[in-house]
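Below, each chain spelled out in residue letters.
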Amino acid sequence: MPASTYQIPDDETLRIQTLRSFASLSARHDEIVQKSVDLVARQFGAPIAIVTLFENDTQCFASSSLFDDETVESVFGLCSRAVLDRQVLFVEDACNDARFCEDPCVTGEPAIRFYAGAPLIGANDVEVGALSIVDTKPRFDLSETSREILGEMASLVMLRIEDQRLESMKRGAMELASATPDGVIVTNVTGGIDFWNPAAERIFERKRGEAQGQNFAEFIVDGSASLLEDCIVERSGDSMECEARLPNGQARPIEVSATRWEHSGNVFTGFIVRDASQRKAAAERIWHMAHHDALTGLANRTFFNTRVQNHIEHGGSGAVLYVDMDDFKVINDTLGHHAGDELLRAFAERLSLGLPPETLLARLGGDEFAILVDRTTPDAARALATTLLDLAGRPFEIDGKTLSMSVSAGIAMTPEHGETSAQILHCADIALYEAKRAGRGSYHVYDLALDERTRDRHALGHAMREALQNDEFELYYQPFYEAETLTLVGYEALIRWNHPERGLVPPGEFIPVAEETGFIHVLGEWVLKKACREAITWPAGLTVSVNLSPVQFRRKALNSAVTSALSQSGLPAHRLELEITETVLLDETMANLATLKQLKSLGVRVSLDDFGVGYSSLSYLRTFPFDKLKIDRSFVNDLGTRDEALAIVRAVTGMGRSLGIKTTAEGVETEEQYACLREERCSYIQGYLFGRPQPVQRLAHLKDHDACGEARWRSVG
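What you are looking at is a predicted structure, and each value in this text was computed from that prediction instead of being measured. Along each chain, residues carry numbers from 1 onward, in the same order as the chain's sequence is written. Local features in this predicted model are restricted to residues of pLDDT 70 or higher, and side-chain atom pairs are both shown and tallied only at a pLDDT of 80 or more, whereas totals for entire chains, interfaces and linings draw on every residue. Hydrogens are left out, water is left out, and the side-chain values use all remaining heavy atoms of the structure.

Turning next to the overall build of the chain. Secondary structure elements are taken from DSSP: a helix is a run of H or I of four residues or more, a strand is a run of E of two residues or more, and numbering for both begins at the N terminus. When you go through the chain residue by residue, the secondary structure sums to 25 helices and 27 strands. The buried label goes to any residue with under 20% of its type's maximum accessible area, the exposed label to any with over 50%, and the partly exposed label to all in between, with areas taken from a 1.4 Å probe on protein chains only. Counting all 717 residues of the chain, 49% fall into the buried class. Long-range pairs, those at least 24 residues apart, make up 62% of the contacts in the chain between residues at least 6 apart in sequence. The Shrake-Rupley method, run with a 1.4 Å probe sphere, supplies the accessible areas, and residue values consider only the shown protein chains as cover. For the chain, the accessible surface area stands at approximately 35,100 Å², while carbon and sulfur atoms represent 50% of it. Contact between two residues is taken to exist if any of their heavy atoms lie within 4.5 Å; hydrogens are not considered.

When DSSP finds at least two bridges between two strands, those strands are taken to pair. Judged by pairing direction, the sheet is mixed, and its five strands sit side by side in the order 12-13-11-16-17 without closing on themselves. The open sheet has two edge strands with one neighbour each: strand 12 (360-365) and strand 17 (443-445). In this sheet, neighbouring strand axes are inclined to one another by 20 degrees on average, regardless of whether the strands run parallel or antiparallel. Geometry is summarised by axes, namely lines fitted to C-alpha atoms with helices restricted to the contacting stretch, and by angles between N-to-C directions that run from 0 to 180 degrees.

Moving on to the packing of aromatic side chains. Only the six-membered ring of Trp is used, alongside the rings of Phe and Tyr, when aromatic pairs are assigned; centres must lie within 6.5 Å, and planes under 30 degrees apart are stacked while those over 60 apart are edge-to-face, with the rest tilted. A full pass over the atoms with the stated rule returns 20 aromatic pairs. A centroid spacing of 6.2 Å and a plane angle of 25 degrees characterise the contact between Trp261 and Phe268, whose relative ring orientation is stacked. Each ring, one from Trp497 and one from Phe510, has its centre 5.6 Å from the other, and the planes form 90 degrees; the classification is edge-to-face. A residue pair is termed long-range when its members are at least 10 positions apart, and Trp497 in strand 19 (residues 487-499) and Phe510 in helix 17 (residues 507-517) qualify at 13 residues. For the pair shown, Trp497 and Phe510 are each scored as buried. An aromatic cluster of three or more residues is present, and its members are Trp196, Phe204, Phe216, Phe219 and Phe271. In this analysis the charged atom, NZ for Lys or CZ for Arg, is taken to sit over a ring once it is within 6 Å of the ring centre and within 35 degrees of the ring normal. Lying over the aromatic face of Phe114, Arg139 brings its terminal NZ or CZ to 5.4 Å of the ring centre. The side chain of Arg350 reaches across the aromatic face of Phe396, ending 3.6 Å from its centre.

This next bit is on the sheet that holds strand 7 (residues 193-196). The five strands lie next to each other as 7-6-10-9-8, forming an open sheet whose pairing is antiparallel. Only two strands of the sheet have a single neighbouring strand rather than two, namely strand 7 and strand 8 (240-245). When the angles between neighbouring strand axes are averaged without regard to direction, this sheet yields 35 degrees.

Within the secondary structure layout, Asn188 lies in the loop between strand 6 (183-187) and strand 7. Measuring from C-alpha to C-alpha, the distance between Asn188 and Val267 comes to 6.2 Å, with 79 residues separating the pair along the chain. With near-sequence residues (within four places) excluded, Asn188 lies in contact with Asp194, Val267 and Phe268.

Before going further, it helps to spend a moment on the state of the cysteines. The disulfide criterion is simple: two cysteine sulfur atoms within 2.5 Å. Tallied over the entire structure, the rule returns zero disulfides. Cys682 provides the cysteine sulfur closest to Cys676, a residue in no disulfide bond, and the two sulfurs are 9.9 Å apart. Cys676 sits in the buried class, given a relative accessible area of 18%. In this structure Cys682 comes out as buried when scored by relative accessible area, which is 5%.

With that settled, consider the packing of helix 16 (residues 448-469) against helix 17. Running from amino to carboxyl end, helix 16 crosses helix 17 at an angle of 90 degrees, the nearest separation of the two axes being 9 Å. Judged by the angle between their axes, helix 16 and helix 17 are roughly perpendicular. Packed against helix 16, whose contacting residues are Arg457, Leu460, Gly461, Met464 and Arg465, the element helix 17 presents Glu509, Phe510, Val513, Ala514, Glu516 and Thr517 at the interface. Three classes are used: nonpolar for Ala, Val, Leu, Ile, Met, Phe, Trp, Tyr, Cys and Pro, charged for Asp, Glu, Lys and Arg, and polar for all others, with Gly counted as polar. Of the residues contributing to the contact of helix 16 with helix 17, the split by class is five nonpolar, two polar and four charged. For classification purposes, angles smaller than 35 degrees are called roughly parallel, those larger than 145 roughly antiparallel, those between 65 and 115 roughly perpendicular, and all remaining angles oblique.

As a further point, take unusual backbone geometry. Here the residue pair Thr414 and Pro415 is connected by a cis peptide bond, since its omega of 0 degrees sits within 30 degrees of zero. Within the secondary structure, Pro415 is located in the loop between strand 16 (406-414) and helix 15 (421-438). Residues other than glycine seldom take positive phi values, yet Glu205 does so here, at roughly 55 degrees. Here Glu205 is to be found in the loop between helix 7 (198-204) and helix 8 (208-211).

Here Pro415 falls in the partly exposed class, since its relative accessible area comes to 48%. C-alpha separation for the pair Pro415 and Gly318, spaced 97 residues apart in sequence, amounts to 7.5 Å. Sequence-distant contacts of Pro415, defined by excluding residues within four places in its chain, comprise Gly316 and Ser317.

Moving on: the pattern of salt bridges. It is possible for side chains bearing opposite charge to pair when their charged atoms get close. Whenever a carboxyl oxygen of Asp or Glu lies within 4 Å of a side-chain nitrogen of Lys or Arg, that contact is scored as a salt bridge. Overall, the coordinates contain 28 salt bridges when judged by the stated rule. Measuring nitrogen to oxygen at the nearest pair gives 3.1 Å for the salt bridge that ties Arg279 to Glu241. One end of the pair, Arg279, is in helix 10 (residues 277-291); the other, Glu241, is in strand 8, with 38 residues separating them in the sequence. Under the relative-accessibility criterion, Glu241 is labelled exposed at 58%. Each of the salt bridges in this network shares a partner with another, and the network as a whole consists of Arg202, Glu205, Arg252 and Asp275.

Before going further, it helps to examine the packing of helix 18 (residues 520-535) against helix 19 (residues 558-569). Where helix 18 contacts helix 19, the axes come no closer than 9 Å and their chain directions differ by 25 degrees. With respect to helix 19, the element helix 18 is oriented roughly parallel. Both helix 18 and helix 19 take part in a crossing whose hand is right-handed. On the side of helix 18, the interface is formed by Glu525, Leu528, Lys529, Cys532 and Arg533, while helix 19 contributes Ala561, Val562, Ser564, Ala565, Leu566, Gln568 and Ser569. Residues that form the contact of helix 18 with helix 19 fall into these classes: six nonpolar, three polar and three charged. Handedness of a crossing is defined here by the sense of rotation of the near helix relative to the far one, left-handed for an anticlockwise turn of less than a right angle and right-handed for a clockwise turn.

Now for the pairing of strand 5 (residues 127-135). Buried residues dominate strand 5, accounting for nine of its nine residues. Inspection of the sheet shows strand 4 (residues 114-121) paired to strand 5 by eight bridges, in the antiparallel sense. Looking across to strand 5, one finds that Ala116 is bridged to Ile133.

Let's shift gears to the environment of Thr595. Within the element layout of this structure, Thr595 appears in helix 21 (residues 589-601). Thr595 sits 42 residues away from Phe553 along the chain, and the two C-alpha atoms are 7.5 Å apart. Among all residues touching Thr595, those that are not within four sequence positions of it are Phe553 and Leu558.

In a regular helix each residue adds 1.5 Å, so 14 residues correspond to 20 Å; helix 2 (residues 31-44) covers 20 Å between its end C-alpha atoms and thus fits that length. For helix 2, the set of buried residues is Val33, Gln34, Ser36, Val37, Val40, Ala41 and Phe44. Buried residues of helix 2 fall within an arc of 160 degrees about the axis and therefore sit on the same side. Exposed residues on helix 2 whose side chains face more than 90 degrees from its buried face are Glu31, Lys35 and Arg42. Just beyond helix 2, the residue with positive phi is Gly45, at close to 60 degrees. What a helix should span is 1.5 Å times the count of its residues minus one. The directions considered for the arc are those from the helix axis to the C-beta atoms.

The next point concerns the side chain of Thr543. Here Thr543 shows up in strand 21 (residues 543-547). Dropping the residues within four chain positions of it, Thr543 is found in contact with Phe480, Val489, Gly490, Tyr491, Trp538, His574, Arg575 and Arg605.

Moving on, we get to the confidence of the model for the chain. In the predicted model, the chain carries a mean pLDDT of 82, and 84% of its residues have values of at least 70. pLDDT runs from 0 to 100 and stands for how confident the predictor is about each residue. Across residues 1-6, confidence stays below pLDDT 50; counting only partners more than four residues off in sequence or on other chains, it has 24 contacts. Across residues 23-27, where pLDDT falls below 50, the model places 11 contacts with residues more than four positions away in sequence or in other chains.

Given below as structure tokens:
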């Protein structure tokens, strides 16, 4: 109910918190408190005795009189004085007490004259109310003993109120313990279980009757008194992970936190136990996803790097194999990504079957795999690589189709080739590059010479970019002629690098580096534009032929680069011939064929270079209408010495005539070779016999004779 005047103490916040910790502000309905108030009233012969607990401007009370609430409320100001003074307050006659003589409860109804009150002070030394006696008549007969009795009665009432709070908290705690999903266990000084809630029954799979009286340590895997003591003393407030021992002998992961208290001379320990099965399972799933490849289930790059690093730091001696599938893109793009994924899974499974025990296999990404073999030698690593290459070479059955493939591998040894995981993988990668460069389906072991060559390639790549800015690149042109009449038809553009220190750098040295670094896209576009600009100055009948790297087809910008070169130079499209190798048809077949058709639609000519070498297939000639087939120089060189060379030349020229495709023989160096090619009705010839590559200012159509003074061509135009 609202109170009259109330002076707020300095520590009011703490007092209110203490008051609210009691189960209820009302003591009116507590039988023991009410009897205590009656006893005080009888002891002092007073018509009114009350217990007042007040919060802000509200008070609640227990009264022994028949006065109504409003009458009792009027003494609130007097009660608050007892609380503020923290001592027993006696007012013998309020009318003659300057502190209260003007109080409305004194001057008006109920005309209070006598008041005695003792503060109610909680266990934390905070005042929360008062025990008071009130009379409408003045009283002068209270002794010091009466004061002491009133104070002691106030202490007894406060103890009862405190007990109420503790009982309420205990009931709440019991209800909470029954409802919480965490196990709540209380043990006594001997470690025996006194309390075991329903959640503990579920977690430990033991009923309360089975657990009560038992030592809690017996229910912990590898548990002991020292383990639980550590949980209490060393980790108080923190949780400790351990395992619950189940009746069937299995274990369940749990988290345990504990605290200890003393009551009535007895020591108790309380444990909060949480079932950690789901959390641990979720953590394990998250860890697995973070460290394993989703497609194959193998370790991923992160996990592999960590294991290799641990292997090195613990003095391990072994090998790392870097394995890469050859031509995976062809299968992936031809049959679709689903087939590619199935092939990766099948390949991973087959690799796993071919590895020694305790060997770590990982998928680093794409079609790249890595293997860590502990305690092995270089010879054993080579033998393992041979086995894996053999396994990979066996056919795979994917989606009802039989697929054949090969892999390349690079090998690095620990600790010889590096002190960190990054260094070892780098060395294995360099060895893999060397294996691919030397030929697919092979392996290579890292050595220092490879590292030096790699550094040289990187330095060369940087130098190439500077060379393009410094105009160190130049185009040379080699003529090709109509074989029957020796009429000049055009030139093949060949790039040369005039290095200021190294002199003329062979294309075979810098072109592979340009392809590896991606600089070939910039360099190739420069060649296209340069060749078209210079060819537009030649007689109208002459064409220019430009070689395209397979790497250039990996960017969709190739078509726009050719279009730009033609439009900027003004060269008619039919005077530009683009030479490609069969590798273009092997890599990303469908996409590259689409690019070739786009180029053909511009009106340029397309020639298939080095035909008859490697992976030649008549299906290419059916799929795409080539304008020319170039017979590889190796067959031309063997003319007159090897019958099979003549047979191949005859077959290519005959096939070209049947399909309406012109043929060019390159590398013609002798009169005998030329005579043979003319007899086989080869369309065009090219080689040192008819002209070496020259700068643009020294081209064949600017001459009348060769170095020997003999007529070798008849210029057109």
